[in-house]
Every structure is written in C-alpha cells, then in structure tokens.
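Secondary and tertiary structure notes
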Number of protein chains: 2
Amino acid sequence: MTKLKSVKTPELDTKSRILQAALEAFSQSGFYGTSINSVAEAVNIKKPSLLHHFSSKEKLYGAVLESISTRLLSELEAAMDSSENEKEQMLSVMDSFYRWNKECPNETVLLLREMLDNPQRAATAHNWYLAPWLERLVELIRRGQQNGRFHELEPMAFLYNIIGAQHYFVVSLPTLKQILRASDFKALLKQQRQELKTLIELRLFK
Amino acid sequence: MTKLKSVKTPELDTKSRILQAALEAFSQSGFYGTSINSVAEAVNIKKPSLLHHFSSKEKLYGAVLESISTRLLSELEAAMDSSENEKEQMLSVMDSFYRWNKECPNETVLLLREMLDNPQRAATAHNWYLAPWLERLVELIRRGQQNGRFHELEPMAFLYNIIGAQHYFVVSLPTLKQILRASDFKALLKQQRQELKTLIELRLFK
DNA sequence: TATTTATCCTACCAACCGGTAGGTAGACAC
DNA sequence: GTGTCTACCTACCGGTTGGTAGGATAAATA
C-alpha cells in the first residue's frame, strides 16, 4: 500500500477533502439539512463517487464525528502534560478548549448539534466528546482541593457551568456578529474571555 | 422516522394542537428533520388538513417561533416588576429564566436550534429572543453599579457567560441523564443551580 | 503484456418531500 | 330549500432524497 506521491500538492486526498466539506455542511445545516450531493459538489465529484469512499450518509457523518473526537482527545493530552501545578494545568486545559473553539467553530457547532439531534448516541459513554475532558478536569480539581489550592465546591457543577458558558458563547458568535457593531463585537470577544478567566479564579483558586 | 407522541389535550382546538406537536417535533428533529406529515399524524389529521391551518411548513415553523417569543417576553416583564431592589430583580429574572428552561426545555432547544440553523434570521435585531433579556439586564446591572450595589465589570460579557452556562446545561440534560446514575443526575441538577447562584453572587454582588 | 484495483462516471430507482386540486360533510344564514 | 363557510378528506404532482448497477479510465501489480 505504499503511496508514490508524484505531486507534493498542499491539497489533500479526496477522502480527506470529503470529510472536510462534510464537516462544514453538517455543522451549518445539520444531518437532515445536508444532502450528500451537495457535499460531493463541494469536492467536485459526483454523488456515487462520494459513496465509493463512504458507503452511506450515516457512515460519512460518523466518520466526521470520529475525526473530531480523536483530534479533541489528543489536544487534551497535550494540554494536560504541560505543567504539574494544578492551577496552571486548569488554565492550560481551559486554554486548549478555548483555542479549539476559536479555531474550529465548525466542530464545536457540530458536536452541539449531535447532542441536540441524538442525545442517546451522543451519550454512549465512551464516545461522548466531553467525557474525557470532564473526567480529567474533575480529577484535577479534586487533587487541587486536597492540596489546598482550590476552594471546596462540586467540581462537576462548576465545570459544567464554565464549559457551558464558553461553548454557548462560541455557537452564538455568528448571531452576535450580526447584532453588534464590528468594534463592539471585537471588544466583547476579549471581555468574555477575560470575564470567564476571572470567574474561574474568583470561584476556584485560593 | 419515529412516530411522534400524539398530543392528547382534548380541550385545545386543532390549530393549537398542531402548534404544540410542531414545537415538539421541530425541537427534537430540527426543521429539515421534521416532516409536516409526521406533525399531522401526531394530531390525527392528514397533511392537507394541516396545510389548511398553516399554509406552508415555513409558516408553521414561524408560528411556533413566534408563540415562544411572545410567551418569553411576557414572562420577562412579570419578573422585572417583582421588585425594586437591583439584587432581587437580578435574581428574579434569572429565576424566571431558569423556570422557563425547566418547564419548557423544548422551547429552549428549539431557539438554540434556530440560532444554529439561521443565525442571520435569529439575529434580526427585533426578534432575537435573547435581545430583550440582555437589554434589560445590562440596564439593570449598570443601575446597580451606579448605586454601588454591584461590582464593576462588563455587564454583557458577564451576562452572556451566566446565561450561556444555564442554557447549555439545559440542552445537555438529555445527554447527561443517560450518562449519570439517576441519583447523581438529580444531585447535579441541584448543584448546578446552586453553583450558578454562587457565581453570580460572588462576582456581581458587593 | 496482462490483470487487478482504485477511482470516478452516467443512468437509474423507490421512497419521501412539500404542496395542490378537487371534492365531501356538517354548521349556520336566509 | 339554497348558498356559503370551515374543516377535513383522497388522489396526485414535480422535485429531491439516499442509494444501486454497471461501465470507463488509468495506474499499480504480476
């Protein structure tokens, strides 16, 4: 299966390009609002050619979800290894979460959609995208509490509010962008980020 | 497509029953994932009969959105008039928001879906569902700050995080319910609510 | 050189979609 | 009675959907 690449194009192979186009389509219009035909057109191939790579629409959708999930997990690992100090780890993980939201809003939106469309599948313990995040962070907070670095509080409840605030803000951005003037919008971006950090420090850190 | 639960309130007229069934269907499956036929079946009439009451799918969807929007606004008014004290008003409005989330998760979900599906329409200044909420609350916080009752902070950024946390939590509930044991789930409900209140008090109140 | 394999195509299908045409039955007015 | 209105029906429409059958092309392999 060795691949001889005669052209070192910056372009991806067809399969990857399909995945990329599908991510955008699904995140913008949802599963039912997206036709595989439109995805195929975005990659300049015909529908049956797409179905050659992904044998059904569901499979394609599943592949998109999985690619997001694995990518997310690897980012988490990286963020956790960056420090030993609980405070810094906490901030580092939240930072990685923030960076993901910012760089891949499509992925953020799609995972939220999946939660709305299919709560039971989204929840199948092992592949719920937030599960590892929460698990690790709950652990982290418990550790910090034992070391006397964090205040006493229910880790899960606290985390869910923080993560929820961030998540919701990201999916609101397109709407907010249309309501606010460009300058206000830009200011809000900074303010929200600072505000969230303040909330964490105020509530969690001693 | 799964069959919808039939609406069984014999007192409502057909039009209201359609609206009710449509709310449930749209919130569960989104606009494209819902067929007007399935809505018609849920109220035990045929599709053309539904189209007699609402001349198109878009009109039906619009009617659902509007009914939610007006209901929301009137609840806000009621909550604002309950007190003169800024702190109590703040808590009262957040309480009304919470009660709405709890009693009508369908509406919460549908409005979030609308924001994902159609950010530009969701944002047309006058009918964005959160606009009056935010407007009034920003005003309220500014007043509280002038009176020295609230800390100095950017009202919009603060509010968005609080509202986002609450909103996100509500739409996650079906997923969380499947992940957690029943007792843990119930506990989390209480903890999250308390945690959010603590965050508000800690960050906003002097 | 012959053959297999990967990739993409045209042509087609049954099922379902939103919506229309046209008719029936009952309630009320005159 | 006759006329009109509402609520609902059956039958049907054109268009789109996800998916299949089978062939063309070109490269990799034997």
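Residues numbered from 1 in each chain as written. Chains lettered and ligands numbered in written order. Predicted model: local features only at pLDDT ≥ 70, side-chain atom pairs only at ≥ 80, totals over all residues. Heavy atoms only, no water.

1. Here we look at the domain arrangement of chain A
Residue and element names in this part refer to chain A. As a reminder of what qualifies: Note that the domain bounds were set by an automatic or database domain assignment. Residues count as neighbours in contact if any of their non-hydrogen atoms are within 4.5 Å of one another. Buried area, as used here, totals the accessible surface that two parts lose on assembly, with accessibility defined by a 1.4 Å probe and the loss added over both.
Splitting chain A by domain gives domain 1 (11-55) and domain 2 (69-204). Once you take the C-alpha centre of each, domain 1 and domain 2 turn out to be 29 Å apart. Contacts between the two partners involve eight residues from domain 1 and, on the opposite side, six residues from domain 2. With both sides pooled, the region where domain 1 packs onto domain 2 buries about 550 Å², and carbon together with sulfur makes up 59% of that total. Taken as a group, Leu23, Phe26 and Ser27 account for 69% of the area that domain 1 buries against domain 2, more than any other trio of residues on that side.

2. What to know about the packing of aromatic side chains
Cut-off, in case you're wondering: The pairing test for Phe, Tyr and Trp rings, Trp by its six-membered ring, is centres within 6.5 Å, and the orientation test on the planes gives stacked under 30 degrees, edge-to-face over 60, and tilted for anything in between. A run of DSSP states H or I qualifies as a helix once it reaches four residues; a run of E qualifies as a strand once it reaches two. Both are numbered from the N-terminal end. Any residue under 20% of the maximum accessible area for its type is buried, any over 50% is exposed, and the rest in between are partly exposed; the area is computed with a 1.4 Å probe on protein chains only.
Taken as a whole and judged by the stated rule, the model has 20 aromatic pairs over all chains. Centroid distance Phe26 of chain A to Tyr61 of chain A: 5.0 Å. Interplanar angle 85°. Geometry classified as edge-to-face. Of this pair, Phe26 of chain A sits in helix α1 (residues 14-33) while Tyr61 of chain A sits in helix α4 (residues 57-80), placing them 35 residues apart in sequence. An identical accessibility class is assigned to Phe26 of chain A and Tyr61 of chain A; each is buried. Consider the rings of Phe97 of chain B and Trp100 of chain B, whose centres lie 5.7 Å apart with planes at 50°: the pair is tilted.

3. Let's talk about the relation of the copies chain B and chain A
One copy of the chain maps onto the other through a rotation about an axis followed by a shift along the same axis. Stated formally: In superposing the copies, a least-squares fit is computed on C-alpha atoms, taking residues whose pLDDT is at least 70 in both.
For the pair chain B and chain A, the best superposition has an RMSD of 0.1 Å and corresponds to a rotation of 180° with a translation of 0.0 Å parallel to the axis. As the rotation angle and translation indicate, the two copies are arranged about a two-fold axis. Closest to the rotation axis within chain B is the C-alpha of Ala165 of chain B, separated from it by 2.1 Å. Most of the interface of chain B is mirrored in chain A, where 100% of its interface residues are also at the interface.

4. Some words on the interface of chain B and chain A
We count it as follows: Salt bridge, as used here: a side-chain nitrogen of Lys or Arg that lies within 4 Å of a carboxyl oxygen of Asp or Glu. By the convention adopted, Pro, Cys, Tyr, Trp, Phe, Met, Ile, Leu, Val and Ala count as nonpolar, Lys, Arg, Asp and Glu as charged, and the other residues, Gly among them, as polar.
Between chain B and chain A, the residue contacts involve 44 residues of the former and 44 residues of the latter. When residues of chain B are sorted by the area they lose upon contact with chain A, Leu116, Asn161 and Tyr168 of chain B head the list and together hold 18% of the total. Across the chain B-chain A interface, the total number found is four salt bridges. The shortest N-O distance in the salt bridge between Arg203 of chain B and Glu195 of chain A comes to 2.8 Å. For the side of chain B that touches chain A, the secondary-structure elements that each account for two or more residues are α1 (14-33), α6 (105-117), α7 (119-123), α9 (155-179) and α10 (182-204) of chain B. By residue number, the principal contributor to the side of chain B that touches chain A is α9 of chain B, which donates 17 residues. A per-class count over the side of chain B that touches chain A returns 26 nonpolar, 13 polar and five charged.

5. Section: α1 of chain A
Residues and elements named next belong to chain A. Formally: One fewer than the residue count of a helix, multiplied by 1.5 Å, yields its expected span. At any given residue, the bend is defined as the angle formed between two axes, one fitted to the seven residues that end at that position and one fitted to the seven that begin there.
An ideal rise of 1.5 Å per residue puts 28 Å on 20 residues; α1 reaches only 23 Å between its terminal C-alpha atoms. Of all bends in α1, the biggest is about 80°, found at Ser27. Listing the buried residues of α1 in full gives Ile18, Ala21, Ala22, Leu23, Ala25, Phe26, Ser27, Gly30 and Phe31. Its buried side turned inward, α1 meets α2 (36-42), α3 (47-53), α4 and α6 (105-117).

6. Considering the protein's contact with DNA strand D
Short version of the rule: Distances are taken per atom, and a residue is near a molecule or strand as soon as one of its heavy atoms is within 4 Å of it. Under the rule applied, a polar contact is a pair of N or O atoms within 3.5 Å (in protein, one hydrogen donor and one hydrogen acceptor; residues adjacent in sequence only if both atoms are side-chain atoms).
Neighbouring DNA strand D are 15 residues, the closest being Lys47 and Lys57 of chain A together with Lys46, Ser49 and His53 of chain B. With respect to DNA strand D, the backbone of Lys46 of chain B contributes an N or O atom lying 2.6 Å from a phosphate oxygen. Note that a phosphate oxygen of DNA strand D is positioned 3.3 Å from one of the side-chain N or O atoms of His52 of chain B. Contributing elements (two or more residues each) for the surface near DNA strand D: α3 of chain A together with α3 (47-53) of chain B. The dominant element in the surface near DNA strand D, judged by the number of residues it contributes, is α3 of chain B, at four residues. Residue composition of the surface near DNA strand D, by class: five nonpolar, seven polar and three charged.

7. Regarding the packing of α4 of chain A against α6 of chain A
Residues and elements named next belong to chain A. Note the following rule: For helices, the fitted line uses only the C-alpha atoms of the stretch in contact; every axis is such a line through C-alpha atoms, and the angle between N-to-C directions lies from 0 to 180 degrees. Reported orientations rely on four angle classes, namely roughly parallel under 35 degrees, roughly antiparallel over 145, roughly perpendicular from 65 to 115, and oblique for the rest. By the definition used in this description, the sense in which the near helix is turned from the far one sets the handedness, with an anticlockwise turn below a right angle giving left-handed and a clockwise turn giving right-handed.
α6 packs onto α4 with a crossing angle of 120° between their chain directions and a minimal axis gap of 11 Å. Looking at the two axes, α4 sits oblique to α6. The handedness of the crossing between α4 and α6 comes out as left-handed. Contacts between α4 and α6 involve Tyr61, Val64, Leu65, Ile68, Arg71 and Leu72 from the former and Glu107, Leu110, Leu111 and Glu114 from the latter. Classifying every residue of the contact of α4 with α6 by side-chain character gives seven nonpolar, no polar and three charged.

8. Some remarks on the packing of helix α5 (residues 86-103) of chain A against helix α9 (residues 155-179) of chain A
Residues and elements named next belong to chain A. Between α5 and α9, the shortest axis-to-axis distance is 10 Å and the interhelical angle comes to 25°. When the axis of α5 is compared with that of α9, the two are roughly parallel. Seen along the crossing, α5 lies across α9 with a hand that is right-handed. Contacts between α5 and α9 involve Met90, Met94, Phe97, Tyr98 and Asn101 from the former and Phe158, Leu159, Ile162, Ile163, Gln166, His167 and Val170 from the latter.

9. A word on α6 of chain B
Taking 1.5 Å per residue, 13 residues should reach 18 Å; α6 of chain B reaches 18 Å between its end C-alpha atoms and fits that length. Among the 13 residues in α6 of chain B, 10 count as buried, and that is most of the element.

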